[in-house]
Amino acid sequence: MRPVIIAANRKMNTPPADAGELAATIAARTEEPGVVRVICPPYVCLFAVRDALQGRGVAVGAQNVHGELAGAYTGEISAPMLKDLATWVIIGHSERRRDQKETDEMVGKKLARAIDAGLRPIVCVGEQLEERESGRAVEVVAKQLHGALAGKDAETLLAGGFVIAYEPVWAIGTGRNASGHDAAAMADAIRSTLEANLSWGEAAERVPVLYGGSVTSANIGEFLGEPSIDGALVGGASLKPDEMAGIVARAAVTARAREAVASGEPA
Ligand code: PGA
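Below, the structure is looked at part by part. (Residues numbered from 1 in each chain as written. Predicted model: local features only at pLDDT ≥ 70, side-chain atom pairs only at ≥ 80, totals over all residues. Heavy atoms only, no water.)

Turning our attention to the overall build of the protein. Assigned secondary structure in the protein consists of 11 helices and eight strands. With respect to the three principal axes, the spread of C-alpha positions in the protein is 50 × 45 × 35 Å. Taken over 267 residues, the protein has a buried fraction of 53%. Pairs at least 24 residues apart make up 73% of the contacts formed inside the protein by residues separated by at least 6 positions. Summing over all exposed atoms, the protein offers an accessible surface of approximately 11,600 Å²; the carbon and sulfur share of this is 54%. Considering the protein, the positive charge centre built from 27 side chains and the negative charge centre built from 34 side chains are found 3 Å apart. (Helix = DSSP H or I, 4+ residues; strand = E, 2+ residues; numbered from the N terminus. Buried < 20%, exposed > 50% of the residue type's maximum accessible area, 1.4 Å probe, protein only. Contact = heavy atoms within 4.5 Å. Areas by Shrake-Rupley, 256 points an atom, 1.4 Å probe, with all protein chains shown as cover. Lys, Arg positive; Asp, Glu negative; His and termini not counted. Charge placed at Lys NZ, Arg CZ, Asp CG, Glu CD.)

Okay, the pairing of strand β4 (residues 88-91) next. Residues Trp88 and Ile90 point to one face of β4 and Val89 and Ile91 to the other, with burial holding for every one of them. Relative to β4, strand β3 (residues 58-62) runs parallel, the two being bridged by two bridges. Note on β4: the bridge partner recorded for Gly61 is Trp88. (Pairing = 2+ DSSP bridges.)

Our next topic: unusual backbone geometry. One non-glycine residue, Thr14, lies in positive phi territory at about 70 degrees. Tracing the backbone through its elements, the reader meets Thr14 in the loop between β1 (4-9) and α1 (16-29). The buried category is assigned to Thr14, whose relative accessible area is 18%. Not every positive phi belongs to a glycine, and Ser214 is a case in point at roughly 55 degrees. With respect to the helices and strands, the residue Ser214 is situated in the loop between β7 (209-212) and α10 (220-224).

Next up on the list: the site of the ligand. Surrounding the ligand, one finds 13 residues, the nearest of these being Lys11, His93, Glu167, Gly173 and Ser214. Between His93 and the ligand, the recorded distance is 2.6 Å, taken from a side-chain N or O atom to an oxygen atom. In the model, an oxygen atom of the ligand is placed 2.9 Å from a nitrogen or oxygen of the Gly235 main chain. In the complex, the protein chains occlude 95% of the 280 Å² of accessible area that the ligand would expose alone. Residues of the shell around the ligand, tallied by class, amount to four nonpolar, seven polar and two charged. (Near = heavy atom within 4 Å. Polar contact = N/O pair within 3.5 Å; in protein donor to acceptor, adjacent residues only side chain to side chain. Nonpolar A, V, L, I, M, F, W, Y, C, P; charged D, E, K, R; others polar.)

Looking now at the packing of aromatic side chains. The full count for this structure, using the stated rule, is three aromatic pairs. Considering the side-chain rings of Phe162 and Trp200, the 6.0 Å spacing of their centres and the 50 degrees angle between planes classify their relative orientation as tilted. A residue pair is termed long-range when its members are at least 10 positions apart, and Phe162 in the loop between α8 (154-159) and β6 (163-166) and Trp200 in the loop between α9 (180-197) and β7 qualify at 38 residues. With a relative accessible area of 1%, Phe162 lands in the buried category. Ring pairing ties together the aromatic residues Tyr166, Tyr211 and Phe223, which thus form one cluster. (Phe/Tyr/Trp six-rings, centres within 6.5 Å; stacked < 30°, edge-to-face > 60°.)

Time to look at the packing of α1 against helix α2 (residues 46-53). Packing of α1 against α2 leaves a shortest axis separation of 8 Å and a crossing angle of 30 degrees. With respect to their mutual orientation, α1 and α2 come out roughly parallel. As for the relative orientation of α1 and α2, their crossing is right-handed in sense. Contact with α1, carried on its side by Pro16, Ala19, Gly20, Ala23, Ala24 and Ala27, involves Ala48, Val49, Ala52 and Leu53 of α2 and no other residues of that element. Residue composition of the contact of α1 with α2, grouped by class: nine nonpolar, one polar and no charged. (Axes fitted to C-alpha atoms, helices over the stretch in contact; angles between N-to-C directions. Parallel < 35°, antiparallel > 145°, perpendicular 65-115°, else oblique. Left-handed = near helix turned anticlockwise from the far one by under 90°.)

A few words on the state of the cysteines. The tally for this structure, following the rule as stated, stands at zero disulfides. The thiol sulfur of Cys40 is not disulfide-bonded, and the nearest other cysteine sulfur, from Cys124, lies at 9.4 Å. The buried category is assigned to Cys40, whose relative accessible area is 0%. Sulfur of Cys45: no disulfide; nearest cysteine sulfur belongs to Cys40 and is 12 Å away. Its relative accessible area of 0% is what places Cys45 among the buried residues. (Disulfide = S-S within 2.5 Å.)

If you trace the backbone, Arg258 turns up in helix α11 (residues 241-262). The exposure class of Arg258 is buried, given its relative accessible area of 15%. Here the side chain of Arg258 touches Arg2 through a polar contact of 3.4 Å, landing on its backbone oxygen. Within polar-contact distance, the side chain of Arg258 engages the side chain of Asp230 at 2.7 Å. When residues no more than four places from it in sequence are discounted, the contact partners of Arg258 are Met1, Arg2, Pro3, Val4, Glu226, Pro227, Ile229 and Asp230.

Right under this line is the structure:
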């Protein structure tokens, strides 16, 4: 049974003075059994958010990590530096691919560092609008997966808590979300790519795939109604406690349904 995960990507929002209080409020408003909750604030808020979430059952994630362990990389943060502050990390977000020119190879290096440091990685993949419109979405995402994952051992990644977020670039921050059906088709394509092209075999079925891109409390049900989607990476809505309460409440419904199926209870 795959877990149901709701991860909040705060992006470059919330100053350190407010970050802990917002995290504590969201933790209190989203106390639902069975849902894995993660809050990913900016680096400078990690201390505050870690302290605010102590004992609340919500994990802390970073939004990025460097691909080297230490050295002359001004402004960068390495995986070992994050260890006491975060247990998760977002890697290869499309905004970093766009603004910091992160390549699939860099994403692969960051992933290796995260796993070595014991950080649970959320690796983001997704196509541009023109790639979807020209029918190349699956090909583009498969190439991203190849670039980041080739040569890596599936069981090692899964043991390290590896998660994939499918985030179509045209849906991020635009208010225009993918349909649940299209997102599920891409989650299936992602697992097929892992299974066949990257030789994961049955291990591909065990990787959680999240959807990200304009997720709200109003549309989360469309994604979580799809058995191949295991949760969401939430950007804009993650800054609003009411939105997060609604999103996690809906995620708990899916978590309970999966529990019931796994334990053989009638759904
Ligand atoms: P959004 O961002 O929910 O604001 O579209 C999602 C993301 O970038 O992870």
